[in-house]
Amino acid sequence: MTRILITSALPYINGVKHLGNLSGSMLPADVYARYRRARGDEVMFVCATDEHGTPAELAALEAGQDVEAYCTEQHEIQKSLGERFGCSWAVFGRSSSPQNRELTQHFARALWKQGLLEVRTTKQVYSHAEKRFLPDRYVIGTCPHCGYERARGDQCENCTRVLDPTDLIDARSALSGSREIEIRDSAHLFLKQSQFVGRLREWIDGHEKDWPALVKSIARKWLDEGLNDRGITRDLSWGVPVPDDIGDGQLAGKVFYVWFDAPIEYIGATKEWADANGRGDEWLKWWRPENPSDVTYVEFMAKDNVPFHTVGFPVTIMGSGENWKLVDRIKGFNWLTYYGGKFSTSQKRGVFMDKALEIQPADAWRWYLTFNAPEGADSSFTWEHFAGTVNKDLADVFGNFVNRITRFTASRFEGKVPGEGEYGEDEKALEADLDSRIAKYAAYMNDIEYRKALTELRAIWVAGNEYLTKAAPWTHFKTDTTKAAVGVRMGLNLVRLFACLSAPVIPTIAKAAYEAFAPAPETLPWPDRPMADYLDGLEAGAAVTPPAVLVAKITDEFVEAWKARFGGAE
């Protein structure tokens, strides 16, 4: 058994997430977690809400709530939606938890002790319109590197360069649009990232074969352009307070920057899990194993989060001088776009998780978003493409196969697995084909190449359909019931195979198909045996209960209604 630690980039607390957020981190992380469990590995899959920073304060103000109460409410909403989408976290924690506060302050003290934190007087943006310091992301202006006119003061969304507000051209408040802003002195803690360039480059180069090109190129771009020391505190009230024993009292009333404490919450969430379940120090076996190779740590995120996970968080881990686990594999994704434009929480453009579940079950979204994962380039969501994919793949290929063979068994074989007859050349050829295809499917899943994996999985379904069409038990039943029985037995074993192979992606549909034969365990077992053995594994005479229609087709009328409701091409 291998221990696999999986983290998904933390969704921010301010509102329901859109499908782009889901497809870029939480969903692919869950698919991998389910796959690794099916292969018999011990899995710790953690996620959490990212709750600190000005956006949370402003969202709470707009909602007329105390920020802590607002975050508690939104956490429950996001947790519920994730679970309804099938996210099988061990824990869905909170970056505002006591555990994360303790760990964030622990790392800061360790970095301070190592001489890697320094108090510096900085120039901060003060807005006269708001009568407050503005956090970096609430200062907008033109990016000095690419010319994007709405770059934020912490990062340009267009070119992904990390910025400081003072870098922006024509800087203004993102809240009021006011240009009545001035630069004031403020003492802050800086993390000496510049000292880690060589160590980071060596570490990144060590992952040449197991990190996607997208991740490596973003990480190296940061190093090639020069890695600056990074301010890790802010003039805010909501966040993890800087301890009094750091900075000789110069940092009273300040909190850690959200991008410092948020990744630490991966560890904090694991401790939340241990504390909630009476597991004591068991969380340490994941994050401080005696032998680092005992745990394989895999991170999932969209490309805008890559810099913070290939530079910022690793520097925190390395700089602590303690044996915390560094990430082994990073799966980064490009954007899922909505008709070629950006999904946007702030502009309410696109489909959001709560509304998506109102119109289609979770597995329809899980299949579509994973099959079209934005791995090599951005992927564009359209209602027409969504409907076509669900209809052709889930309804026509998977669902139709399961429904027709189980119903035929119920009507012609008394709802029992037939035992008559022996498999012949057609069955042996199918077994050999499936042995090859399943090996390829597993290899792609191991490599977290979802487009290739699901293309192979769909081909496995198609191979089963082609076999059943050729075997035609409904035709042979009239003249040769033994030959019909062979085709039915193979078809039923294929249903079980399809269910077990598909469960990481479409767990609800897979469970319903599996339960045609027996109650489904929490994790459907991976078919590790040769197909010659597996595909004759159902016991003759075992009861078969046809499931209800697994996947309802999406009509053109539905597509038009959804386009009217959510918007289509612009």
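Description of the structure in this document. (Residues numbered from 1 in each chain as written. Predicted model: local features only at pLDDT ≥ 70, side-chain atom pairs only at ≥ 80, totals over all residues. Heavy atoms only, no water.)

Moving on, we come to the overall build of the protein chain. When its secondary structure is counted, the protein chain shows 19 helices and 17 strands. The C-alpha radius of gyration of the protein chain comes to 27 Å, within 12% of the 25 Å expected for a compact globule of 570 residues. Contacts in the protein chain between residues at least 24 apart in sequence constitute 77% of all its contacts with a sequence separation of at least 6. On the protein chain, roughly 23,100 Å² of surface is accessible, and the fraction owed to carbon and sulfur atoms is 47%. Each charge class in the protein chain was averaged separately, 67 positive and 80 negative side chains, and the resulting centres sit 2 Å apart. (Helix = DSSP H or I, 4+ residues; strand = E, 2+ residues; numbered from the N terminus. Rg over C-alpha atoms; globule rule 2.2 N^0.38 Å. Contact = heavy atoms within 4.5 Å. Areas by Shrake-Rupley, 256 points an atom, 1.4 Å probe, with all protein chains shown as cover. Lys, Arg positive; Asp, Glu negative; His and termini not counted. Charge placed at Lys NZ, Arg CZ, Asp CG, Glu CD.)

A word on helix α17 (residues 507-514). For α17, the full list of buried residues reads Pro 507, Ile 509, Ala 510, Ala 513 and Tyr 514. Taken around the axis of α17, the buried residues stretch over an arc of 165°, which confines them to a single face. Buried-residue contacts for α17 involve α1 (19-38), α11 (362-371), α12 (383-412) and α16 (481-502). (Buried < 20%, exposed > 50% of the residue type's maximum accessible area, 1.4 Å probe, protein only. Arc of directions from axis to C-beta.)

Excluding glycine, residues mostly carry a negative phi; peptide bonds, for their part, are mostly trans. In the Ramachandran plot, Asp 170 falls in the positive-phi region, its phi being about 55° despite a non-glycine side chain. Within the secondary structure layout, Asp 170 lies in strand β8 (residues 169-173). Judged by its relative accessible area of 38%, Asp 170 is partly exposed. Positive phi, close to 55°, is recorded for Asp 248, a residue that is not glycine.

On to the nonpolar core, then. Buried together is how nonpolar side chains tend to be arranged in soluble globular proteins. In terms of nonpolar packing, the biggest core is built from 111 residues, with Trp 365 and Trp 383 touching the most fellow members. Considering every element that reaches this core, the biggest residue donor is α16, with 13 residues. Excluding residues within four positions of it along the chain, Trp 365 makes contact with Leu 19, Leu 27, Phe 85, Val 351, Ala 356, Leu 357, Ile 359, Gln 360, Phe 381, Trp 383 and Phe 386. Grouped together as the second largest cluster of nonpolar side chains are 56 residues, Trp 203, Trp 211, Leu 214 and Val 240 included. (Core = buried A, V, L, I, M, F, W, Y, C linked by side-chain atoms within 4.5 Å.)

A word on the packing of aromatic side chains. What the rule picks out here adds up to 37 aromatic pairs. Plain terms: the ring middles of Phe 558 and Trp 562 are 5.6 Å apart, the flat faces sit at 20° to each other, and that makes the pair stacked. Taken together, the residues Phe 558 and Trp 562, both in helix α19 (residues 556-566) and four residues apart, mark about one turn of the helix. Residue classification places Phe 558 among the partly exposed residues on the basis of a relative accessible area of 43%. (Phe/Tyr/Trp six-rings, centres within 6.5 Å; stacked < 30°, edge-to-face > 60°.)

Attention now moves to the packing of helix α6 (residues 213-224) against helix α9 (residues 306-319). Two elements in contact, α6 and α9, have axes separated by 9 Å at closest approach and are oriented at 55°. Between α6 and α9, the angle falls in the class oblique. Of the two elements, α6 crosses α9, and the hand of that crossing is right-handed. On α9, the residues touching Val 215, Ile 218, Ala 219 and Trp 222 of α6 are Val 306, Pro 307, Thr 310 and Val 311. (Axes fitted to C-alpha atoms, helices over the stretch in contact; angles between N-to-C directions. Parallel < 35°, antiparallel > 145°, perpendicular 65-115°, else oblique. Left-handed = near helix turned anticlockwise from the far one by under 90°.)

Strands in a sheet are paired, the pairing made by backbone hydrogen bonds, and the direction either parallel or antiparallel. With mixed pairing, three strands are arranged side by side in an open sheet as β16-β15-β17. Two strands close off the open sheet at either side, each with one partner strand: β16 (341-342) and β17 (379-381). One ladder, built from three bridges, connects strand β15 (residues 336-338) with β17; its direction is parallel. For Thr 337, the partnering residue across the bridge sits in β17 and is Ser 380. (Pairing = 2+ DSSP bridges.)

Attention now goes to the sheet that holds strand β4 (residues 117-127). Strand order in the open sheet made by the four strands is β5-β4-β9-β10, with antiparallel pairing throughout. Whereas interior strands pair on both sides, the edge strands pair on one side only; in this sheet they are β5 (132-133) and β10 (230-231). Where strand β9 (residues 181-191) meets β10, two bridges bridge the pair, whose relative direction is antiparallel. When the bridges of β10 are listed, Phe 190 appears paired with Gly 231.

Attention now goes to the pattern of salt bridges. All chains considered together, the criterion is met by 43 salt bridges. Two residues, Asp 235 and Lys 254, come together in a salt bridge whose shortest N-O distance is 2.5 Å. Residue Asp 235 is located in the loop between β11 (233-234) and β12 (255-256), and its partner Lys 254 is located in the loop between β11 and β12; the two are separated by 19 residues in the primary sequence. Overall, Lys 254 belongs to the buried group, its relative accessible area being 10%. Of the charged contacts in the structure, one is a salt bridge between Glu 358 and Lys 355, with a shortest N-O distance of 3.6 Å. Linking Glu 358 with Lys 355, this pair stays in helix α10 (residues 353-359), spanning three residues, or about one helical turn. Here Lys 355 falls in the partly exposed class, since its relative accessible area comes to 32%. Among the charged side chains, a network of salt bridges with common partners joins Glu 42, Arg 279, Glu 282 and Lys 285. (Salt bridge = Lys/Arg side-chain N within 4 Å of Asp/Glu carboxyl O.)

Tracing the backbone through its elements, the reader meets Arg 150 in the loop between β6 (139-142) and β7 (151-152). Measuring from C-alpha to C-alpha, the distance between Arg 150 and Ala 63 comes to 25 Å, with 87 residues separating the pair along the chain.

All quantities given are derived from atomic positions and should not be read as evidence of function.
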